[in-house]
Amino acid sequence: MAHPWLGKLLELQTCDLRIFTNKRKLDSLPGDLKELLGKRDALLKAVDDAAKCVKKIELEIKTGESDIKKLDEDNRKLQQQSAMVKKNTEYQAMLATIEDNKRKTGEIEEEILAKFDDLENAKREFNRVKQENAAALKMVKADFDDVVAFGDTLKKELATLEKERPAKVNGIIPDVLRRYAALMKKPETGAPVCVVENGICTRCHMRVTAQTLNQLQKGEVAECDNCQGMLYDPERVEL
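In this report, the structure presented in the accompanying data block is examined. (Residues numbered from 1 in each chain as written. Predicted model: local features only at pLDDT ≥ 70, side-chain atom pairs only at ≥ 80, totals over all residues. Heavy atoms only, no water.)

Notes on the overall build of the protein chain
Part 1 of the reasoning: The helix and strand inventory of the protein chain stands at 4 helices and 5 strands.
Part 2 of the reasoning: If you list the helices and strands of the protein chain from N to C, you get α-α-α-β-β-β-α-β-β.
Part 3 of the reasoning: Taking 18 Å as the expected radius of gyration for a compact globule of 239 residues, we find that the protein chain reaches 40 Å, considerably beyond that expectation.
Part 4 of the reasoning: If one aligns the C-alpha atoms of the protein chain with their principal axes, the spans along those axes are about 130 × 35 × 25 Å.
Part 5 of the reasoning: Taking contacts inside the protein chain between residues at least 6 apart in sequence as the whole, the part at least 24 apart equals 70%. (Helix = DSSP H or I, 4+ residues; strand = E, 2+ residues; numbered from the N terminus. Rg over C-alpha atoms; globule rule 2.2 N^0.38 Å. Contact = heavy atoms within 4.5 Å.)

Right under this line is the structure:
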């Protein structure tokens, strides 16, 4: 059976489904870009944290060295003053302070030596993180650029499809077009115009009735009893 409008309707459906798909993809792109920016920020933060760890240990070493310098200066002054002290108690107190400063100096020196080991480890970790994350950042940037480029491609294609769509409506029976438009309000449920495979509607994936199958065998465009999709048999319909 000949249905000249059916071929035009299928062309319109192909266009509409591509428009729907492109819009859905475009809607998902901001989320994809946000996720990539999150990955970038996490990689940069890891490098920054590693760098801060190095700087923290370097600052601790400088603080320790400064403390030693102050203790040495304090001892130098105490030794100069001790030469002028006449009371034994004061002299002994100065000597005790000098010894205590030496003890503190020794402890700080040990801490500094340990921190030099920590510093070397922190620098190695920083270099490792920096190198690995630099490679990862390049991949993230490439992915980001790809998503942006893909978005531009989708927008251009969408503009072309929307420009071409009005012409594809011509030649379709108004009643059929209204029925199609109603079904196309929810394209995510499937194509409004579809076929039956092994007795199953490819739109709703439910079995159709024998009466519907009989209509299709006659070359008619039938309605799915379950989803109201527009069914046809491509082997029995002339487009």
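Quick notes on the nonpolar core
Part 1 of the reasoning: In terms of nonpolar packing, the biggest core is built from 16 residues, with W5, L6, L9, Y180, V193, M230 and Y232 touching the most fellow members.
Part 2 of the reasoning: Residue assignment for this core shows that the elements contributing at least two residues are α1 (4–82) and α3 (174–183).
Part 3 of the reasoning: Considering every element that reaches this core, the biggest residue donor is α1, with 5 residues.
Part 4 of the reasoning: In this structure, W5 is in contact with G171, I172, I173, V176, V221 and M230, ignoring residues within four places of it in sequence.
Part 5 of the reasoning: Judged by nonpolar contacts, the second largest core, of 14 residues, contains I57, I68, I108 and I112. (Core = buried A, V, L, I, M, F, W, Y, C linked by side-chain atoms within 4.5 Å. Buried < 20%, exposed > 50% of the residue type's maximum accessible area, 1.4 Å probe, protein only.)

Topic: unusual backbone geometry
Part 1 of the reasoning: The backbone of H205 sits at a positive phi, close to 65°, despite the residue not being glycine.
Part 2 of the reasoning: Despite not being glycine, Q228 has its phi angle at roughly 65°, a positive value.
Part 3 of the reasoning: You can call Q228 partly exposed: its relative accessible area is 36%.

Looking at the sheet that holds strand β1 (residues 193–194)
Part 1 of the reasoning: Reading across from one edge, β1-β5-β4 is the order of the 3 strands in this open sheet, with mixed pairing throughout. Looking at the sheet topology across the chains shown, the edges are occupied by β1 and β4 (222–223).
Part 2 of the reasoning: Direction of pairing for β4 relative to strand β5 (residues 230–231): antiparallel, over a ladder of 2 bridges. Each bridged residue has a counterpart across the sheet, and for E223 the counterpart in β5 is M230. (Pairing = 2+ DSSP bridges.)

Some remarks on the pattern of salt bridges
Part 1 of the reasoning: Counted by the stated rule, this structure contains 19 salt bridges.
Part 2 of the reasoning: With a closest N to O distance of 2.6 Å, R18 and E157 form a salt bridge. In this pair, R18 sits in helix α1 while E157 sits in helix α2 (residues 88–169), placing the two residues 139 residues apart along the sequence.
Part 3 of the reasoning: Relative accessible area serves as the criterion here: at 39%, R18 is assigned to the partly exposed category.
Part 4 of the reasoning: Between E162 and K23 there is a salt bridge whose closest N-O contact spans 3.6 Å. Here K23 lies in helix α1 and E162 lies in helix α2, a separation of 139 residues in the sequence.
Part 5 of the reasoning: In this structure K23 comes out as partly exposed when scored by relative accessible area, which is 39%.
Part 6 of the reasoning: The structure contains a network of salt bridges with shared partners spanning D100, R103, K104 and E107. (Salt bridge = Lys/Arg side-chain N within 4 Å of Asp/Glu carboxyl O.)

Quick word on α2
Part 1 of the reasoning: With 82 residues, α2 extends 113 Å between its outermost C-alpha atoms, agreeing within 8% with the 122 Å of an ideal straight helix rising 1.5 Å per residue.
Part 2 of the reasoning: Residue K163 marks the point of greatest curvature in α2, where the axis turns by about 25°; the proline P166 follows within four residues.
Part 3 of the reasoning: Positive phi shows up at G171, right after α2, with a value of about 90°. (Expected span 1.5 Å × (residues − 1). Bend = angle between axes of the 7 residues up to and from the residue.)

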